Amino acid sequence: MAQNPYLPHKVKILSIKRQTKIDYTFKLESSIKPDNGQFVEVSLPKIGECPISVSDFGDGWIEMTIRRVGRVTNVLHDLKEGDGMFIRGPYGNGFPLQKYKNKHIVIAAGGTGLAPVKSVVNYFYDRLDLVKQLNLLTGFKSPEDVLFKDELEKWSKDFNVIVTVDQGNKDWTGDVGLITEYVKDMDFSNPEEVEVIVVGPPMMMKFTVQEFLKLGVPEENITVSFERKMCCGIGKCGHCKIDDTYVCLEGPVFNYTKAMELID
Amino acid sequence: MSTVEFNNIISKLLLDYRILAPVCLEGKGTFSGTDLVTYGDIERIQDVVFDRKTVYSAKEVVFPPNETMFYFTEEEFKQPSVDQKGILVFARPCDINAFRRLDAIYLESGPYPDPYYLQLREKLKFVLMECDHGFKNCFCTSTGTNETGDFSLLIRTEEDQIFCLINDAGLEDLISESLASNSMRKVDLQPRFVQRNKTRLQIPDKLDNSLFAHPLWQEYASRCTGCGRCNFSCPTCSCFTMQDVFYRDNPNCGERRRVWASCMIEGYTEMAGGQEVRKTQGERMRFKVMHKFSDFKKRFGFHMCVGCGRCDNVCPEYISLPRCVEKLQEINNGGVS
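It should be emphasised that the depicted structure is a prediction, and the values quoted were computed from it without experimental measurement.

Asks: What's the story with the side chain of Thr164 of chain A in this structure? I'm lost.
Replies: Residues and elements named next belong to chain A. Its location among the elements puts Thr164 in strand E10 (residues 160-165). A polar contact of 2.5 Å, which involves the side chain of Thr164, links it to the backbone oxygen of Gly177. With residues near it in sequence (within four places) discarded, Thr164 still touches Thr138, Gly139, Phe140, Asp175, Val176, Gly177, Ile179 and Tyr182.

Asks: What should I look at first to understand the pattern of salt bridges in this one?
Replies: Pairing of side chains with opposite charge becomes possible as their charged atoms draw close. Tallying each qualifying case throughout the model produces 36 salt bridges over all chains. Because the salt bridges share partners, they merge into one network encompassing Glu49 and Arg88 of chain A together with Asp244 and Arg256 of chain B.

Asks: Hey, could you run me through the interface of chain A and chain B in this one?
Replies: How big an interface is tends to be stated in terms of the accessible area lost upon association of its parts. Taken together, the contact between chain A and chain B spans 42 residues of the former and 50 residues of the latter. Taken together, the two surfaces of chain A and chain B that pack against each other cover about 4000 Å², and 59% of this comes from carbon and sulfur. A salt bridge links Asp295 of chain B to Lys241 of chain A, with the shortest nitrogen-to-oxygen separation between them at 2.8 Å. Counting the contacts that link chain A with chain B gives 25 residue pairs in polar contact (both at pLDDT 80 or more). For the side of chain A that touches chain B, the secondary-structure elements that each account for two or more residues are strand E3 (39-44), strand E4 (48-53), strand E7 (84-91), strand E15 (245-246) and helix H6 (247-250) of chain A.

Asks: Sorry, what's going on with the sheet that holds strand E13 (residues 222-225) of chain A here?
Replies: Each strand in a sheet pairs with another by means of backbone hydrogen bonds, the pair being arranged parallel or else antiparallel. Residue and element names in this part refer to chain A. What the seven strands build is an open sheet, ordered E11-E10-E9-E8-E12-E13-E16; its pairing is mixed. Every interior strand has two partners, whereas the edge strands, strand E11 (175-176) and strand E16 (253-255), have only one. Relative to E16, E13 is paired through three bridges, and the arrangement is antiparallel. Bridging from a neighbouring strand, Thr223 pairs with Asn255 of E16.

What counts as what
- Residues numbered from 1 in each chain as written.
- Chains lettered and ligands numbered in written order.
- Predicted model: local features only at pLDDT ≥ 70, side-chain atom pairs only at ≥ 80, totals over all residues.
- Heavy atoms only, no water.
- Helix = DSSP H or I, 4+ residues; strand = E, 2+ residues; numbered from the N terminus.
- Polar contact = N/O pair within 3.5 Å; in protein donor to acceptor, adjacent residues only side chain to side chain.
- Contact = heavy atoms within 4.5 Å.
- Salt bridge = Lys/Arg side-chain N within 4 Å of Asp/Glu carboxyl O.
- Buried area = accessible area lost by both parts, 1.4 Å probe.
- Pairing = 2+ DSSP bridges.

Honestly, it's all geometry; don't read function into it.
What follows is the structure, given as structure tokens:
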């Protein structure tokens with residue numbers, strides 16, 4: 001048989017970091033070189049396979065932040081450091097980093113939507129001189145759901161980071177409310193120079209994009225990332241198809257001018 | 001040549017080929033006392049059903065309903081071996097054209113050809129079965145898939161006589177040996193294709209998002225039961241889902257399979273956590289119709305549907321795909337539906 005793209009290979013778990021009760025970040029030993037925003041198909045033989053976005057990567061490692069939410073991820077959460085999981089990929093496209101140079105960047109991420117853009121944030125965090133301004137807006141359901149607390153802390157020292165929760169508790173001293181409220185407050189002197197990334201649950205993406213459009217940010221300056229069921233990752237299985245577009249091939253990252261036409 | 005003589009050729013071909021054709025499984029039909037005409041292995045020409053349309057298509061030859069991709073034991077993967085024999089499939093023009101649609105998805109879409117599909121497809125040769133007339137719900141003349149030149153053999157049966165056109169050098173060598181000793185006579189044989197169907201429709205040039213909100217789809221929301229038969233009987237439906245199983249006797253061993261998936265069945269888009277798009281049967285019907293008559297063409301340059309009409313034949317709610325397309329054309333023409 002010719003080279004078989006469906007065959008996964010084993011990768012070792014270097015470390016596991018518990019972000020929340022249900023979100024763990026797995027650092028894996030891997031030589032794959034993904035683009036920022038791509039995904040891999042993760043599997044456990046006998047359990048199943050699912051697409052997971054790569055949240056960060058470096059020389060010889062990749063990182064994925066995985067929520068315990070289904071058949072495969074439930075079992076993934078029982079794994080320990082030193083154990084292995086199977087991956088194939090990377091698949092899809094990534095964020096157009098070149099396009100963001102010398103721009104005023106706003107990254108709006110809802111919940112686990114922060115994972116696929118984490119590597120983008122880190123990329124520009126390490127190269128702040130490449131951009132005019134960097135802003136990160138993140139929203140979570142509650143203080144217990146906040147992901148990447150250490151990174152958020154670190155980032156907030158060097159650029160504008162807003163962390164908001166839908167509902168606070170007695171210990172929460174940060175912002176409360178939906179992301180959209182905080183977009184409204186943004187003041188762009190030149191919206192044409194603003195580049196926006198929006199990733200999160202469908203409703204969050206829809207209304208957040210609307211707020212940016214109201215502020216005068218052009219449609220073509222907005223980038224989103226989609227989440228869909230994908231069984232193959234290589235344009236065959238059909239599950240992620242919208243119109244004539246395969247999210248696994250032409251996405252998951254889309255310019256909004258394209259995304260606005262993709263109706264499921 | 002005679003049936004007996006042709007069966008001798010079949011016996012010879014069976015040494016190198018698996019031969020599949022429409023066969024009749026008595027009493028296996030959906031309703032009691034009915035037969036099921038479907039694809040099966042044959043050993044003689046009398047096994048082949050020429051005068052009825054199969055319920056399921058021939059696609060399972062290259063795209064099995066349930067296909068093992070690899071076995072795993074502990075941490076090792078092993079791919080299943082495949083039969084070295086070639087595959088000869090008796091197929092009508094629409095079905096032969098349908099394989100071109102499957103080729104587009106499996107061999108041309110995405111960065112890699114699908115190796116499982118490819119290894120079976122490379123073995124495949126077609127035996128063209130002519131249609132004397134269109135069958136119930138056929139509309140191949142409207143989809144332009146009533147003719148084909150892609151066949152290795154043409155078989156025509158007339159009473160006790162078999163007429164045969166060989167269109168393949170490999171098969172010619174094999175068959176000509178047998179022919180030499182035959183009492184056959186030479187005739188001029190040209191394939192005959194159906195030129196008219198009872199069901200005719202005009203495929204709209206333009207189907208776009210503006211139709212998404214049309215109330216037309218609501219009718220399907222209430223009529224369609226989401227059984228998926230239309231997808232499973234379709235010769236061009238190519239979607240699949242991955243499935244892992246482990247063996248009860250030894251939970252350390254198992255296999256990863258792919259199984260046919262249906263965009264009309266609940267769960268097709270469901271992700272972990274329960275998020276799902278297209279929750280109503282109306283939206284699912286819209287997705288399927290748009291794929292068959294618009295989306296696929298935008299990507300590959302030709303329509304996906306080959307007009308075999310099987311989906312209409314098997315629908316328990318008597319939903320008609322060509323009627324739906326006709327309505328869309330009426331809407332495009334400004335008519336009210």
